[in-house]
Amino acid sequence: MTTVFAAGLATAGAHAADELTLQLKWVTQGQFAGYYVAKDKGFYDEENLDVTIKPGGPDIAPPQVIAGGGADVIIDWMPSALASREKGVPLVNIAQPFKKSGMMLTCRKDTGITSPEDFKGKTLGVWFFGNEYPFLSWMSQLGISTDGGADGVTVLKQGFNVDPLLQKQADCISTMTYNEYWQVIDAGIPADDLIVFKYEDQGVATLEDGLYVLEDTLDDAASVDKYARFVRASMKGWAYAAENPEEAAEIVLENDATGAQTEKHQVRMVGEINKLVDGSDGKLDSAAYERTVKSLLSGGSDPVITEEPDGATSTVVTDKL
């Protein structure tokens, strides 16, 4: 009996795990804790997956990576993904771990800004490389030109840092609730001296950090099965990170080959990220999707997308969870 059992184990062990490469939207940090936790805790192994996690960076565009065959699944913000789809990269959202947006504008109070109407005549720092779409849509909805002047805003192409606010080159800058906002605080500007405008509160939030694949791969049952196992294990990782934020931050730090991250910052980031995941089961909320599309279509003369997307999302993977 023992011999038969041992033989069975050997057969199972010989069945190689399915390989899957995930391309992150940004560098190794708490923003992606759920995936690193799933790998570290063996959740991917339990689903017979061999997952490679590729960090992103300022020169890495996930849609280009997957189009070039460098990843099976990418993490991207929906504005970028839908814009890429309209330009010919057939991306499909298969799961949406983040329920809420972490994007906001952070302004110095001494600029006199108290509401979005006060943005006129001011200089605002904006991230580009696909991250500018929610901002441009917001300004369009406010009826504020982004060409400068007394009745418009001057857009400063912001690097992925907070220097323009610290050096007073901009009145407001783009920040995420989980990252750059705290960099401003850590640089010595107290929260009492700042005013923030969360996209979520302004009704212009668009979906962030969704999981995307190439459309034709969804025609293959084996790929769909593999994606479902990946999403299930990843959401288990997110649930674990929510329960154990400090351990999750440690796991992220162990995977940071650059050594650039600090424990204090990562623990705080995981805590803030957990608020955005908010117990998600990975399924895309149709109302949030429709709000995102509506926001992107309402860009006036320069909308992010020019027509309602067709086939940009699929429940074929989350239906298997």
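Nothing here was measured: the structure is a model prediction, and the numbers come from that model.

Concerning the overall build of the chain
Check the secondary structure of the chain and you find 13 helices and 10 strands. Taking 321 residues into account, the globule formula puts the C-alpha radius of gyration at 20 Å, and the chain, at 21 Å, falls close to it. Its C-alpha atoms give the chain principal-axis dimensions of about 85 × 45 × 30 Å. The burial tally for the chain puts 51% of its 321 residues in the buried class. Considering only intrachain contacts with a sequence separation of at least 6, the fraction spanning at least 24 residues in the chain is 79%. Computed over 26 positive and 49 negative side-chain charges, the inter-centroid distance for the chain is 3 Å.

Side note on the pattern of salt bridges
For the structure on display, the rule yields 13 salt bridges. In this structure, R229 and D18 form a salt bridge, with 2.6 Å as the shortest nitrogen-oxygen distance. Linking R229 in helix 10 (residues 221–243) with D18 in strand 1 (residues 18–23), this pair joins segments that are 211 residues apart in sequence. With relative accessibility at 10%, the residue R229 sits in the buried group. Classification of D18 as partly exposed rests on a relative accessible area of 27%. The partner of R85 in a salt bridge is E215, and the shortest N-O contact between them spans 3.1 Å. Residue R85 is located in helix 5 (residues 78–86), and its partner E215 is located in the loop between strand 10 (210–214) and helix 10; the two are separated by 130 residues in the primary sequence. Of the residues examined, R85 reaches a relative accessible area of 17% and is grouped as buried. E215 sits in the partly exposed class, given a relative accessible area of 32%. A single salt-bridge network, built from bridges that share partners, covers D18, D225 and R229.

Overview of the environment of L211
As for its position among the elements, L211 is in strand 10. Judged by relative accessible area, L211 falls into the buried class, the value being 0%. For the pair L211 and Q29, spaced 182 residues apart in the sequence, the C-alpha separation amounts to 17 Å. Once residues within four sequence positions are removed from consideration, L211 is found in contact with L22, Y35, V73, I74, I75, V92, N93, I94, A95, P97, F230 and V231.

Some remarks on the sheet that holds strand 3 (residues 73–76)
Strand order in the open sheet made by the 5 strands is 2-1-3-10-4, with mixed pairing throughout. Looking along the sheet, the strands with just one partner apiece sit at the ends: strand 2 (49–54) and strand 4 (91–95). Each adjacent strand pair in this sheet contributes to an overall mean axis angle of 35°, direction not counted. Note that strand 1 and strand 2 share 6 bridges and pair parallel.

Parameters and conventions
- Residues numbered from 1 in each chain as written.
- Predicted model: local features only at pLDDT ≥ 70, side-chain atom pairs only at ≥ 80, totals over all residues.
- Heavy atoms only, no water.
- Helix = DSSP H or I, 4+ residues; strand = E, 2+ residues; numbered from the N terminus.
- Rg over C-alpha atoms; globule rule 2.2 N^0.38 Å.
- Buried < 20%, exposed > 50% of the residue type's maximum accessible area, 1.4 Å probe, protein only.
- Contact = heavy atoms within 4.5 Å.
- Lys, Arg positive; Asp, Glu negative; His and termini not counted.
- Charge placed at Lys NZ, Arg CZ, Asp CG, Glu CD.
- Salt bridge = Lys/Arg side-chain N within 4 Å of Asp/Glu carboxyl O.
- Pairing = 2+ DSSP bridges.
- Axes fitted to C-alpha atoms, helices over the stretch in contact; angles between N-to-C directions.

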